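Topology and contacts: notes
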Amino acid sequence: MAIKTYAALLRGINVGGHKKVPMAQLRTLLEGLGHGGVRTYLQSGNAVFTADHGDEESLAAEVRTAIEESFGFAVDVLVRDGAYLRAVVDACPFPAADLAAKQLHATYFSAPVDPGRFASLDQEAYLPEEFRLGDRVLYLYAPDGLGRSKLAEQLARPGLNKGIVATSRNWNTVTRLVEMTRD
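A few points on the structure. (Residues numbered from 1 in each chain as written. Predicted model: local features only at pLDDT ≥ 70, side-chain atom pairs only at ≥ 80, totals over all residues. Heavy atoms only, no water.)

1. Observations regarding the packing of aromatic side chains
- The final tally for this structure, using the stated rule, is 7 aromatic pairs.
- For the ring pair F109 and F118, a centre distance of 6.5 Å and an interplane angle of 35° mean the geometry is tilted.
- Since its relative accessible area comes to 4%, F118 is described here as buried.
- An aromatic cluster of three or more residues is present, and its members are F109, F118 and F131.
- Sitting over the face of the ring of Y84, R80 holds its NZ or CZ atom 5.6 Å from the ring centroid.
- Seen from the ring of Y84, R136 lies directly overhead, with NZ or CZ sitting 4.5 Å from the centre. (Phe/Tyr/Trp six-rings, centres within 6.5 Å; stacked < 30°, edge-to-face > 60°. Buried < 20%, exposed > 50% of the residue type's maximum accessible area, 1.4 Å probe, protein only. Lys NZ or Arg CZ within 6 Å of the ring centre and 35° of its normal.)

What follows is the structure, encoded as structure tokens:
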């Protein structure tokens, strides 16, 4: 199998002092799994690595298990290859180049999501905020930022995300991970 570059997206670590995963230890953990070119981005659970085995699902399971064994708590992990991350940026339905990075977010899903999952949301009630679905991703335009977004609050409801793993990144992180995973 050819060597591919991947990003591991960890959900909900290093937030408010909970589920602490120091990035140096995460890099060591990934190297211990036999991955090369390991780098992290920020403290919010973004790691890039190369692998010559597995696929996104098996690599995510491997990282998830290693984190639980090393740190003693479970963390949801999504692994996506560089081509997928580039496709997410290329398919963005919003004018990313014209927006501040804090206004645009991508929520990555562990599986394809049917639009019916979000049918209960009255999108017009949240305008000018908007969201659009893509390939295992939700794009969120929040002009006042995520912290003030009423739509983001609704999209994060457990009922809407039942049965899938969802983890969000701001557009700066989305594009930085594309750069870091370029083969």
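So much for the structure itself; the text now carries on.
2. Re the pattern of salt bridges
- Evaluated as defined, the whole model comprises 8 salt bridges.
- A salt bridge links D81 to K4; the nearest nitrogen and oxygen atoms lie 3.0 Å apart. Of this pair, D81 sits in strand 4 (residues 77-81) while K4 sits in strand 1 (residues 4-10), and the two are 77 residues apart along the sequence.
- For D81, a relative accessible area of 12% puts it in the buried group.
- With a shortest N-O distance of 3.1 Å, E56 and R136 are connected by a salt bridge. Residue E56 is located in helix 2 (residues 56-71), and its partner R136 is located in the loop between strand 6 (130-134) and strand 7 (137-141); the two are separated by 80 residues in the primary sequence.
- Here the salt bridges do not stand alone but share partners, grouping E56, R80, D135 and R136 into one network. (Salt bridge = Lys/Arg side-chain N within 4 Å of Asp/Glu carboxyl O. Helix = DSSP H or I, 4+ residues; strand = E, 2+ residues; numbered from the N terminus.)

3. What to know about the pairing of strand 7
- Judged by how many residues are buried, strand 7 sits mostly within the fold: 5 of 5 residues are covered.
- Burial of strand 7 is two-sided: the residues V137, Y139 and Y141 facing one way and the residues L138 and L140 facing the other way are all buried.
- Here 5 bridges tie strand 5 (residues 104-109) to strand 7, and the two strands are oriented antiparallel to one another. Directly across from L104, in strand 7, lies its bridge partner Y141. (Pairing = 2+ DSSP bridges.)

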